[in-house]
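Fold and geometry: a report
Listed here are the chains, written in short residue letters.
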Amino acid sequence: MTFKILFPSSYSVEVSKLRQQLDEAHLAWSREWKARQLDFKIENIRFVHDPHWNKRIFSLQAAHDGEIWFWRATHMIVLSGASSI
């Protein structure tokens, strides 16, 4: 009796038939989904390449490069303001 207290019998978990069918259906679906993903190809069809994207006035790259007069003036104002501090 003391051995049963120290070493209880292992528990057995029974999976219901419905749960087993659900797991099998999910496994079949995931295999089919993964097989379809091999044929999936990412294409950039939404945006057309703009060769002058870095010369647009509201482009972040144009703001960084300072090639447009507006951003050159902004850089000078910021630098002169920072140097006065």
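Heads up: the structure comes first, above all this text.
The notes below deal with the structure included here.

Here is what the cut-offs are and how they apply
- Residues numbered from 1 in each chain as written.
- Predicted model: local features only at pLDDT ≥ 70, side-chain atom pairs only at ≥ 80, totals over all residues.
- Heavy atoms only, no water.
- Helix = DSSP H or I, 4+ residues; strand = E, 2+ residues; numbered from the N terminus.
- Buried < 20%, exposed > 50% of the residue type's maximum accessible area, 1.4 Å probe, protein only.
- Areas by Shrake-Rupley, 256 points an atom, 1.4 Å probe, with all protein chains shown as cover.
- Phe/Tyr/Trp six-rings, centres within 6.5 Å; stacked < 30°, edge-to-face > 60°.

The next subject is the overall build of the protein. Counting its secondary structure elements, the protein contains four helices and zero strands. Overall, the protein shows an N-to-C arrangement of helices and strands of α-α-α-α. Evaluated residue by residue, the protein yields a buried proportion of 9% over its 85 residues. On the protein, roughly 8900 Å² of surface is accessible, and the fraction owed to carbon and sulfur atoms is 64%.

Okay, the packing of aromatic side chains next. Counted by the stated rule, this structure contains three aromatic pairs. Ring-pair connections join several aromatic residues into one group, and the members of that group are Trp 69, Phe 70 and Trp 71.

Honestly, it's all geometry; don't read function into it.
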